[in-house]
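Letter by letter, the chains look like this.
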Amino acid sequence: MKIHAPTPDIPLSPFAGEAPDMFFGLPMAMARAMTLRGERIGNDMAQVRMGFQRDQANSRGEVHGGSIATLLDCTLAAAARAHDPAAYGVATIDLTLHYVAAGTGDLIATARCERRGRSISFARGEVRAEDGTLVALATGSFKLIARQPAATGA
């Protein structure tokens, strides 16, 4: 059985150990609900793990396609802002998915930003099960949104 290894081209996340409701340095409550953990980001790439939860399984006990779509959306979006993850958020413009096989257990998504313009980025990625089985492929475009510094209270 082949075990899925991390992509060595993607640096370890500088946000390692962040709270469950944070995602590569940005607050995102959905990251806790979906058990998304940003493992690697940089070099225009990102890697995210989604822990298996029975509440997000389909009637066969496999990871629901909607959960896989969320994982891919978040991972491609992270790759789109991987050049400066703390400075940018993104808004998804479009996302195209292709489901290849059923997913079981924890799933690992990797993505690469293929082109970044001044405000629009294009990314592609995949999801694999821990044994290396290809589960899904995706492409997407994302609008970069500069993060505003936190306001200081008076």
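Residues numbered from 1 in each chain as written. Predicted model: local features only at pLDDT ≥ 70, side-chain atom pairs only at ≥ 80, totals over all residues. Heavy atoms only, no water.

### Concerning the overall build of the chain
- Each helix and strand counted, the chain has two helices and eight strands in total.
- Starting at the N terminus, the α and β elements of the chain follow one another as β-β-α-β-β-α-β-β-β-β.
- For the C-alpha atoms alone, the extent of the chain along its principal axes is close to 55 × 35 × 30 Å.
- Taking all 154 residues of the chain together, the buried fraction comes to 42%.
- Once local pairs closer than 6 in sequence are excluded, the contacts in the chain between residues at least 24 apart make up 63%. (Helix = DSSP H or I, 4+ residues; strand = E, 2+ residues; numbered from the N terminus. Buried < 20%, exposed > 50% of the residue type's maximum accessible area, 1.4 Å probe, protein only. Contact = heavy atoms within 4.5 Å.)

### Notes on helix α2 (residues 65-80)
- The end-to-end C-alpha distance of α2 is 22 Å, a good match for the 22 Å that 16 residues give at a rise of 1.5 Å each.
- Across the 16 residues of α2, 13 count as buried, placing the element largely inside the fold. (Expected span 1.5 Å × (residues − 1).)

### Structural notes on the pairing of strand β6 (residues 107-116)
- Sheet topology note: the strand β4 (residues 45-50)/β6 ladder contains six bridges and is antiparallel. Each residue of the ladder has a partner; that of M45, found in β6, is R112.
- With nine bridges joining them, β6 and strand β7 (residues 120-129) adopt antiparallel strand pairing. Residue pairing across strands places A109 opposite V127, the latter belonging to β7. (Pairing = 2+ DSSP bridges.)

### As for the pairing of strand β3 (residues 36-42)
- Of all the seven residues making up β3, six are buried; the element is thus mostly covered by neighbouring parts of the structure.
- Pairing between β3 and β4: six bridges, direction antiparallel. Counterpart to G42 in the pairing with β4 is M45.
- Linking β3 to β4, which pair antiparallel, is a turn of two residues; within it N43 sits at a positive phi near 50°.

### Structural notes on the sheet that holds strand β8 (residues 134-146)
- Taken in spatial order, the six strands line up as β3-β4-β6-β7-β8-β5 in an open sheet, and their pairing is antiparallel. Strands at the two margins of the open sheet, each flanked by one partner only, are β3 and β5 (88-99). Mean inter-strand twist for the sheet, computed between neighbouring axes without regard to direction, equals 20°. (Axes fitted to C-alpha atoms, helices over the stretch in contact; angles between N-to-C directions.)

### Observations concerning the environment of K143
- Tracing the chain through its elements places K143 in strand β8.
- Look at K143 and you get partly exposed, because its relative accessible area is 38%.
- Put simply, K143 and P11 are 132 residues apart on the chain and 23 Å apart in space, counted from C-alpha to C-alpha.

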